[in-house]
Amino acid sequence: MSEGGAASTATGFAPCEKPERYIQQLVKHWSHKMATSYDEGDGMGVFPFSDLENAVMTARPGGIAITLTTGDHERNVHMRGVIERHIDRFAFREAPLTYEWKEQ
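Residues numbered from 1 in each chain as written. Predicted model: local features only at pLDDT ≥ 70, side-chain atom pairs only at ≥ 80, totals over all residues. Heavy atoms only, no water.

Turning our eyes to something else, we now look at the overall build of the protein chain. The secondary structure content of the protein chain amounts to two helices and six strands. For the protein chain, the sequential pattern of α-helices and β-strands runs β-α-β-β-β-β-α-β. In terms of overall size, the protein chain behaves like a compact globule, its C-alpha atoms giving a radius of gyration of 13 Å where 104 residues would be expected to give roughly 13 Å. Structurally, the protein chain occupies a C-alpha span of about 40 × 25 × 20 Å along its principal axes. Looking at the protein chain residue by residue over its 104 residues, the buried ones come to 42%. Considering only contacts in the protein chain between residues 6 or more positions apart, those separated by 24 or more positions represent 53%. If you sum the accessible surface of the protein chain, you get close to 6000 Å²; carbon and sulfur atoms cover 49% of it. Averaged over its 11 positive side-chain charges, the protein chain has a centre that lies 7 Å from the centre of its 15 negative ones. (Helix = DSSP H or I, 4+ residues; strand = E, 2+ residues; numbered from the N terminus. Rg over C-alpha atoms; globule rule 2.2 N^0.38 Å. Buried < 20%, exposed > 50% of the residue type's maximum accessible area, 1.4 Å probe, protein only. Contact = heavy atoms within 4.5 Å. Areas by Shrake-Rupley, 256 points an atom, 1.4 Å probe, with all protein chains shown as cover. Lys, Arg positive; Asp, Glu negative; His and termini not counted. Charge placed at Lys NZ, Arg CZ, Asp CG, Glu CD.)

As structure tokens, this is what we get:
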């Protein structure tokens, strides 16, 4: 990641049947690597990948809403793939999910 690069943010949505469960599993899975957190009331998981990067996943009716912020666009595209592969692993009964991403 280059210093002084423009931050890149994308929002995504993955339709699925059990968004809360998949977010909770991902929080638990990544908790040994980073200070993840989960808010049961909002169904929201927070994943601080580094000082400059994070993902916020929120359970919505019908799927998972994702906001991903990274240091640059290339890294954002890479991290989308990481997130998709991990969610699909926990959503194996309905995977592969479809992911819609929009650049901010």
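A few words on unusual backbone geometry. Geometrically, the link from Ala 95 to Pro 96 is a cis peptide bond, its omega value of 0 degrees lying close to zero. Mapped onto the secondary structure, Pro 96 falls in the loop between helix H2 (73–90) and strand E6 (100–103).

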